Amino acid sequence: MSKFDIRKKKAFVCDLDGTLFMGPHPIKPAVDFVIENTKSGRFCFFYLTNNTSKTPAEYMKKIAGANIPVEPDQILTPLITLEEYIREKGYRSVYLVASAAVVKHMDERLRDVGVHFGFDPERNELAALAYDKELTYDKLQKLTTLWNMRNGGNAAVGLKTVEGGPIDFVATHPDNCCPSEAGPIPDVGGMLKFLEATNGMKPSHVFGKPSPSLLQPVLLQFAKDEIAVVGDRLYTDKAIADNAGVDFVCVLSGETTPADLEKYTGTPPAIIVETFDQVDCQ
Ligand SMILES: [Mg+2]
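Residues numbered from 1 in each chain as written. Predicted model: local features only at pLDDT ≥ 70, side-chain atom pairs only at ≥ 80, totals over all residues. Heavy atoms only, no water.

Another point: the sheet that holds strand E6 (residues 93–97). Across the sheet, five strands lie side by side as E7-E6-E8-E9-E12; this open sheet has parallel pairing. Strands at the two margins of the open sheet, each flanked by one partner only, are strand E7 (116–117) and strand E12 (205–206). By the bridge criterion, four bridges tie strand E8 (residues 126–129) to strand E9 (residues 168–171) in an arrangement that is parallel. By the bridge assignment for E9, Ala128 is matched with Val170. Packed on one face of the sheet, helix H5 (residues 137–151) meets E6, E8 and E9 and runs near 140 degrees to E6. (Pairing = 2+ DSSP bridges. Helix = DSSP H or I, 4+ residues; strand = E, 2+ residues; numbered from the N terminus. Contact = heavy atoms within 4.5 Å. Axes fitted to C-alpha atoms, helices over the stretch in contact; angles between N-to-C directions.)

As structure tokens, this is what we get:
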């Protein structure tokens, strides 16, 4: 018997792809539920996405475009964690593989500490991989070249080793694929496997779900039993809820199927619904 108690809930942390949207299209009943409860003030909503192909501003536009009232501090993406990581480590030279809009966003966010974004094998301290829908062979080659020159793997081809010690390498999230109307399409997890197969390069950190660090802004405002994560994926959405010690509402509007839930050996979700609006609020 589930201990899920809707009367205690004050904040829902909502996954986007497969929960409120399918590709560019809103999942209408779920979105209507969010609009109604935002306007009535019954629940606070946060929007959690591992998808780093867009900037937080672009996500705000997508959410506002579905008529959901939204403020910047309601958007939670691993780009926030990446920014904090660069600040904490004090890195000043970063090769970021991401869309031009995301690189520009990160450059603006970190301008106050003078971080330079660009491929610079002599100076780069960090290589970072985001969900880059503008990915090219040239970018992949630059990542492997940085690793070869700074972290070994170059002796066989006589590549010049650059001074400066090993380079750090991180990825924004672990997802193997992104759901779309055309089925699963490649995401960062797949790109990481491609790189590892090339020269053994592996990230020191992978941000995003299921790392609970992304929920920190919500955990500072609400008690754990007041929060629920809502999502369509067991290995990211349920995992971040489990890692943060909060309830998980599983929706069947995205990746997870009833057959997946039957096979699932972990603790079951607090509740399972077809779409988010079917959460019983009585
Ligand atoms: Mg999802």
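Bringing the coordination of the magnesium ion into the picture now. Listed as protein donors to the magnesium ion are Asp15 (OD), Asp17 (O) and Asp232 (OD); their distances from the metal cover 2.1 to 2.2 Å. With a relative accessible area of 12%, Asp17 lands in the buried category. (Donors = N, O, S within 2.8 Å, 3.2 Å for Na, K, Ca; no water. Buried < 20%, exposed > 50% of the residue type's maximum accessible area, 1.4 Å probe, protein only.)

Glancing now at the domain arrangement of the protein chain. The assigned domain composition of the protein chain is domain 1 (6–50 + 210–278) and domain 2 (78–206). Here the C-alpha centre of domain 2 lies 29 Å away from the C-alpha centre of domain 1. Listed by partner, the interface residues are 12 residues for domain 1 and 10 residues for domain 2. For the domain 1 and domain 2 pair, buried surface summed over both sides reaches about 990 Å², with 57% attributable to carbon and sulfur atoms. The tally of links from domain 1 across to domain 2 stands at one salt bridge. A salt bridge links Arg233 to Asp175; its shortest N-O distance comes to 2.5 Å. Counting the contacts that link domain 1 with domain 2 gives four residue pairs in polar contact (both at pLDDT 80 or more). A breakdown of the residues in the side of domain 1 that touches domain 2 according to their chemical character gives four nonpolar, five polar and three charged. (Domains from an automatic or database assignment. Buried area = accessible area lost by both parts, 1.4 Å probe. Salt bridge = Lys/Arg side-chain N within 4 Å of Asp/Glu carboxyl O. Polar contact = N/O pair within 3.5 Å; in protein donor to acceptor, adjacent residues only side chain to side chain. Nonpolar A, V, L, I, M, F, W, Y, C, P; charged D, E, K, R; others polar.)

Here we come to the environment of Asp17. Along the chain, Asp17 turns up in the loop between strand E1 (11–15) and strand E2 (21–22). Along the sequence, Asp17 and Pro258 sit 241 residues apart, while their C-alpha atoms lie 18 Å from each other. If we ignore the near neighbours within four places in the chain, the residues touching Asp17 are Thr49, Asn51, Lys62, Cys178, Pro179 and Asp232. Side chain to side chain, Asp17 and Asn51 meet in a polar contact 3.4 Å long.

A few words on the packing of aromatic side chains. Scanning all chains against the criterion turns up 11 aromatic pairs. Relative to Phe43, the ring of Phe12 has its centre 4.9 Å away and its plane inclined at 75 degrees; by these criteria the two rings are edge-to-face. In this pair, Phe12 sits in strand E1 while Phe43 sits in the loop between helix H1 (28–40) and strand E4 (44–48), placing the two residues 31 residues apart along the sequence. Just as Phe12 is buried, Phe43 falls in that class too. Counting every residue linked through ring pairs, the aromatic cluster contains Phe12, Phe33, Phe43, Phe45 and Phe276. (Phe/Tyr/Trp six-rings, centres within 6.5 Å; stacked < 30°, edge-to-face > 60°.)

Moving on, we get to the sheet that holds strand E13 (residues 227–231). An order of E5-E4-E1-E13-E14-E15 is seen for the six strands of this open sheet, with the pairing classed as parallel. At either end of the open sheet lies a strand with only one pairing partner, and these are strand E5 (75–76) and strand E15 (271–273). Pairing of E1 with E4, which is carried by five bridges, proceeds in the parallel orientation. Across the sheet, the residue bridging to Phe12 is Phe45, located in E4.

At their nearest, the axes of helix H3 (residues 78–89) and helix H4 (residues 100–109) sit 11 Å apart, and the two run at 45 degrees to each other. In terms of their interaxial angle, H3 and H4 are classed as oblique. Our pair here, H3 against H4, has a crossing hand that is right-handed. Packed against H3, whose contacting residues are Leu79, Leu82, Glu83, Ile86 and Arg87, the element H4 presents Val102, His105, Met106 and Arg109 at the interface. (Parallel < 35°, antiparallel > 145°, perpendicular 65-115°, else oblique. Left-handed = near helix turned anticlockwise from the far one by under 90°.)

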